[in-house]
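# Survey of secondary and tertiary structure
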Amino acid sequence: MNNPYFICETCKIRVEAGYRWTTSHLRSDAGTVEFGRSFNVRDALNYRPFWDLPKGDEYNWLRELLPMVRAFLECHECHESHAIRFDDDVSFSESYFGFEWLDVSPLPDLVPRYFVEQLGYNRWQQVCDHIDSLDRPPWWWNTDDHQDAKRTFEQLANEHPITKP
């Protein structure tokens, strides 16, 4: 099973869609979404069986995720010009995992845009310190992409003068 996402190609933002829960409810049961296609956001928001979770601890991860999914969909619903799609991490291009994309999932992909827009970092050393504190660095940290990430971070930090200590 691949990991499904809701994607706004206009904003370059993605959020995890809910793994098998989404494919079984919004794709199979409701027929609201199909991989690789845009969809009617209001239909997804109105499909109650997707949002009404059964009781049980095994659904706690969805209780954390679904408010983020709802916020993402509601935010983008009013923007008719935005290209919202449902897709999975295997089907869509590697460009969706590029440094210019923002992942707003509970366990986001830590890329330069995340450090600038979500954490408010404006210095590369803040990124280095944050990554040093992690159990596992992001996918690009120990690769040839490291310098591209740094350049992208510095460009984004100059464009977004947000600061946090």
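In the block above lies the structure referred to throughout.
Analysis parameters
Along each chain, residue indices are assigned from 1 in the same order as the chain's sequence is written. Under the rules for a predicted model, residues below a pLDDT of 70 receive no local features and side-chain atom pairs below 80 are neither given nor counted, while totals for whole chains, interfaces and linings still include all residues. Each side-chain value is worked out from all heavy atoms of the structure, with water and hydrogens disregarded. Salt bridges, as used here, are contacts in which a Lys or Arg side-chain nitrogen is within 4 Å of a carboxyl oxygen on Asp or Glu. Note on conventions: DSSP H or I runs of at least 4 residues are helices, E runs of at least 2 residues are strands, and numbering of each starts at the N terminus. The cut-offs for exposure are 20% and 50% of the maximum accessible area for each residue type, with area from a 1.4 Å probe on protein chains only; residues under the lower value are buried, those over the upper are exposed, and the others partly exposed. Here is the rule: rings of Phe, Tyr and Trp (six-membered ring for Trp) pair when centre to centre is within 6.5 Å. Planes less than 30 degrees apart are stacked, more than 60 are edge-to-face, and the remainder are tilted. Any two strands between which DSSP finds at least two bridges are classified as paired. Cavity: a set of points on a 1 Å grid over the protein atoms alone where a 1.4 Å probe fits but cannot get out. Pocket: an open set with protein on both sides within 12 Å along at least five of seven lines, its lining residues, like those of a cavity, having an atom within 4 Å of a point. Grid points are joined across faces, edges and corners, and a volume is the space filled by probe spheres set on the points. Following the grouping adopted for this structure description, the nonpolar residues are Ala, Val, Leu, Ile, Met, Phe, Trp, Tyr, Cys and Pro, the charged ones are Asp, Glu, Lys and Arg, and the polar ones are all others, Gly among them. Counting of polar contacts relies on pairs of N or O atoms within 3.5 Å, with two restrictions inside protein: one atom must be capable of donating a hydrogen and the other of accepting it, and residues adjacent in sequence are counted only when both atoms are side-chain atoms. We call two residues contacting when some pair of their heavy atoms lies within 4.5 Å.

### A look at the pattern of salt bridges
Opposite charge on two side chains permits pairing when their charged atoms draw close. Considering all chains together, one arrives at 10 salt bridges under this definition. A salt bridge links Arg14 to Asp103; the shortest N-O distance between them is 3.7 Å. Highlighted residues: Arg14 in strand E2 (residues 13-16) and Asp103 in strand E5 (residues 102-103), separated in sequence by 89 residues. Assessed through its relative accessible area of 1%, Arg14 is described here as buried. Asp52 serves as the salt-bridge partner of Arg48, at 3.2 Å between the closest nitrogen and oxygen. By relative accessible area, which is 57% here, Arg48 ends up exposed. Taken together, the salt bridges that share partners define one network made up of Glu9, Arg85 and Asp87.

### Quick look at the packing of aromatic side chains
Scanning the model with the defined rule gives 13 aromatic pairs in all. Measuring from ring centre to ring centre gives 5.9 Å for Phe99 and Trp140, while their planes differ by 85 degrees; the resulting arrangement is edge-to-face. Taken together, the positions of Phe99 in the loop between strand E4 (84-88) and E5 and Trp140 in the loop between helix H6 (124-132) and helix H7 (146-159) put the pair 41 residues apart, joining distant regions of the chain. Pair check on accessibility: Phe99 and Trp140 agree, each one buried. Here Phe115 and Tyr121 contribute two aromatic rings whose centre-to-centre distance is 6.0 Å and whose plane-to-plane angle is 15 degrees, an arrangement assigned as stacked.

### Focus: unusual backbone geometry
Unlike most non-glycine residues, Lys12 shows phi in positive territory, near 60 degrees. Inspection of the secondary structure puts Lys12 in the loop between strand E1 (4-8) and E2. For Lys12, a relative accessible area of 34% corresponds to the partly exposed category. Phi at Tyr19 is positive, roughly 50 degrees, even though this residue is not glycine. Assignment of secondary structure puts Tyr19 in helix H1 (residues 19-29).

### Digging into the pairing of E4
In terms of burial, E4 is largely enclosed, as 5 of its 5 residues are buried. Taking every second residue as pointing to the same face, both faces of E4 are buried, with Ile84, Phe86 and Asp88 on one and Arg85 and Asp87 on the other. Note that E1 and E4 share 5 bridges and pair antiparallel. In the strand pairing of E4, Tyr5 is matched with Asp87. Direction of pairing for strand E3 (residues 37-38) relative to E4: antiparallel, over a ladder of 2 bridges.

### Re the layout of surface pockets
Its boundaries defined by the atoms lining it, the largest pocket holds a volume of some 340 Å³. Around the largest pocket, the lining residues are Leu107, Pro108, Asp109, Leu110, Leu134, Arg136, Pro137, Pro138 and Trp139. Across the lining of the largest pocket, the residue classes tally to 7 nonpolar, no polar and 2 charged.

### Comments concerning the side chain of His25
Tracing the backbone shows His25 in helix H1. Among the polar contacts made by the side chain of His25, one reaches the side chain of Ser24 at a distance of 3.1 Å. Aside from chain neighbours lying at most four places away, what touches His25 is Ala30, Tyr47, Pro49 and Phe50.

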